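What follows is the residue order along each chain.
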Amino acid sequence: EARRAITLLAYRHVRRLKRIHLDGIPRDQLPPKANYLMIGPTGCGKTFLVELLFRKILQLPTAVVDVTQLSETGYVGKDTCTILTTLLEHAGNDPVAASAGIICLDEFDKLATTQNQARFDGQGTTKDVSGFGVQRELLRIIEGSEIMVPMDYNNTRYSEFIPLHTGDITFLACGTFSGLKGISSANVPRIGFNSAELPSVSANTIAVNYDENEINDIEHLQRYGFIPELIGRFTRILPLRALDRETLKAILLESVVKKFYREFKEEGIKLQIEKQVIDAVVEQSFKRQTGARGLASILTKHLEEAAFQAFCNAVKTVTLRLKGKEVVAELQ
């Protein structure tokens, strides 16, 4: 579902640009641009999906920005307008090309504020410079307006500025939103003798799957720490599910294992991994609940001692076997 939605978004993005710049159709006669928010567990491919489709396949100016570095204007940290500075760099400092680009706001859930209720509406003096402050400043950028973009990341007050129109830039936000499941399940009324026996999600669960109703309820996201105006800027909120065992196995064989094969080959060593070891690594990664990220760390752990011994000795073959429930490396 997420792949279909993102590819359709990419088609509409390119098609809209063609109608504006090549066909000369006024913007007010076209559907407005769309911004998507992707929610899913860690290691399920949110950022990878954006980079693969927009940067590698379509080769559009694509900036993946870590929002944890952002702070409210006037405080230590990167201003929100430096998001557009990053996009300009990917577009070769061409504002016309940058205005047709893609911005991925990675770790978007980290902008969620604390439970401090002293907001900027006169209720108190406490400022949340990396939470509500950044959320408020993102409103104008995501909506679409003329932004003066600084060319320098550090001294944004004294750097040169380039005007950039964000009305055609597609924004995609990605985040795990850990703990959102507990907020949404807390709103379910539990009445009756068996109410305590209703299934609930543990607070320690990482790879949780969300339903459409849970993530599209703005009240849940507001309780999580987001202002409704910012969530309203996103046309579609997409749930991404945790990767299953078959997908993890395919990633392990096509990506992770091949890189280890290449590393050992450059050292003059032939690496062999039995099928039972592959299945064991996939099962361990599935239980770890870290998605594709857990595959490399688990395999590295099993190869660590063998690589340490093999890289400095006259070893020609390293074989990973499964003995009982333990993965054992044999050197020859």
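Note that the structure is predicted; figures quoted are calculated from it, not measured. (Residues numbered from 1 in each chain as written. Predicted model: local features only at pLDDT ≥ 70, side-chain atom pairs only at ≥ 80, totals over all residues. Heavy atoms only, no water.)

A. A look at the overall build of the protein. In terms of helices and strands, the protein carries 12 helices and 10 strands. Taken over 332 residues, the protein has a buried fraction of 43%. Of all intrachain contacts in the protein linking residues separated by at least 6 positions in sequence, the fraction that spans at least 24 positions is 70%. Carbon together with sulfur atoms contributes 51% to the accessible area of the protein, which is approximately 18300 Å² in total. (Helix = DSSP H or I, 4+ residues; strand = E, 2+ residues; numbered from the N terminus. Buried < 20%, exposed > 50% of the residue type's maximum accessible area, 1.4 Å probe, protein only. Contact = heavy atoms within 4.5 Å. Areas by Shrake-Rupley, 256 points an atom, 1.4 Å probe, with all protein chains shown as cover.)

B. Examining the pattern of salt bridges more closely. Using the criterion set out here, one finds 15 salt bridges in the structure. Ionic pairing is found between Arg 233 and Glu 143, a salt bridge with its closest N-O pair at 2.9 Å. Here Glu 143 lies in helix α5 (residues 132-143) and Arg 233 lies in the loop between α9 (228-231) and β7 (236-239), a separation of 90 residues in the sequence. Salt-bridge contacts for Glu 330 lead to Arg 321; the nearest nitrogen and oxygen are separated by 2.8 Å. Take Glu 330: its relative accessible area is 23%, and that puts it in the partly exposed class. In this structure Arg 321 comes out as partly exposed when scored by relative accessible area, which is 28%. Each member of the salt-bridge network shares a partner with another, and the members are Glu 274, Arg 321, Lys 323 and Glu 330. (Salt bridge = Lys/Arg side-chain N within 4 Å of Asp/Glu carboxyl O.)

C. Structural view of the layout of surface pockets. There is about 1100 Å³ of room inside the largest pocket. Around the largest pocket, the lining comprises 31 residues; the ones closest to its centre are Cys 44, Gly 45, Lys 46, Leu 240 and Leu 243. Elements supplying a minimum of two residues to the lining of the largest pocket: α1 (2-21), α2 (46-57), β6 (170-175) and α10 (245-266). Looking at which element gives the most residues to the lining of the largest pocket, the answer is α2, with five residues. Grouping the amino acids of the lining of the largest pocket by side-chain chemistry returns 13 nonpolar, seven polar and 11 charged. The calculated volume of the second largest pocket comes to roughly 320 Å³. By residue number, the principal contributor to the lining of the second largest pocket is α1, which donates eight residues. Class assignment for the residues of the lining of the second largest pocket results in eight nonpolar, three polar and six charged. (1 Å grid on protein atoms, 1.4 Å probe; cavity = no way out; pocket = protein on both sides within 12 Å on 5 of 7 lines; lining within 4 Å. Points joined across faces, edges and corners; volume = space filled by probe spheres on them. Nonpolar A, V, L, I, M, F, W, Y, C, P; charged D, E, K, R; others polar.)

D. Looking closely at the sheet that holds strand β3 (residues 102-106). Strand order in the open sheet made by the five strands is β2-β3-β6-β1-β7, with parallel pairing throughout. In this open sheet, the two strands that pair with only one neighbour each are β2 (62-66) and β7. The mean inter-strand angle of the sheet, taken between neighbouring strand axes irrespective of direction, is 20 degrees. Bridge count between strand β1 (residues 36-39) and β7: four bridges; the pairing is parallel. Counted as the bridge partner of Leu 37 is Ile 237 from β7. Its contacts with the sheet place α2 against β1, β2, β3 and β6, and it is angled at close to 160 degrees to β2. (Pairing = 2+ DSSP bridges. Axes fitted to C-alpha atoms, helices over the stretch in contact; angles between N-to-C directions.)

E. The packing of α1 against α2, seen in detail. Orientation of α1 relative to α2, taken along the N-to-C sense of each, is 35 degrees, at an axis distance of 11 Å. As for how α1 packs across α2, the hand of that crossing is right-handed. Counted together, Ala 2, Arg 3, Ile 6, Thr 7 and Ala 10 of α1 and Leu 49, Leu 53 and Phe 54 of α2 form the full contact between these two elements. Of the residues in the contact of α1 with α2, the class split is six nonpolar, one polar and one charged. (Left-handed = near helix turned anticlockwise from the far one by under 90°.)

F. Quick look at the side chain of Lys 33. Assignment of secondary structure puts Lys 33 in the loop between α1 and β1. Glu 143 is the oppositely charged side chain nearest to the buried, salt-bridge-free Lys 33, at an N-O distance of 7.5 Å. Separated by 3.1 Å, the side chain of Lys 33 and the backbone oxygen of Thr 166 make a polar contact. Once residues within four sequence positions are removed from consideration, Lys 33 is found in contact with Arg 16, Ile 142, Glu 143, Thr 166, Gly 167, Asp 168, Ile 169, Phe 171 and Thr 235. (Lys, Arg positive; Asp, Glu negative; His and termini not counted. Polar contact = N/O pair within 3.5 Å; in protein donor to acceptor, adjacent residues only side chain to side chain.)

G. Summary view of the sheet that holds strand β10 (residues 326-331). Read from one edge to the other, the open sheet built from three strands follows the order β8-β9-β10, with strand pairing classed as mixed. Both outer strands of the open sheet, β8 (270-273) and β10, are each paired with one neighbouring strand and no more. Between one strand axis and the next, the sheet turns by 20 degrees as a mean value, whatever way the strands run. Pairing geometry for strand β9 (residues 317-323) and β10, over six bridges, is antiparallel. From the neighbouring strand, Leu 322 faces β10, where its bridge partner is Val 327. Across the sheet, α10 is in contact with β8 and β9; its angle to β8 comes to roughly 150 degrees.

Keep in mind these numbers describe shape, not what the thing actually does.
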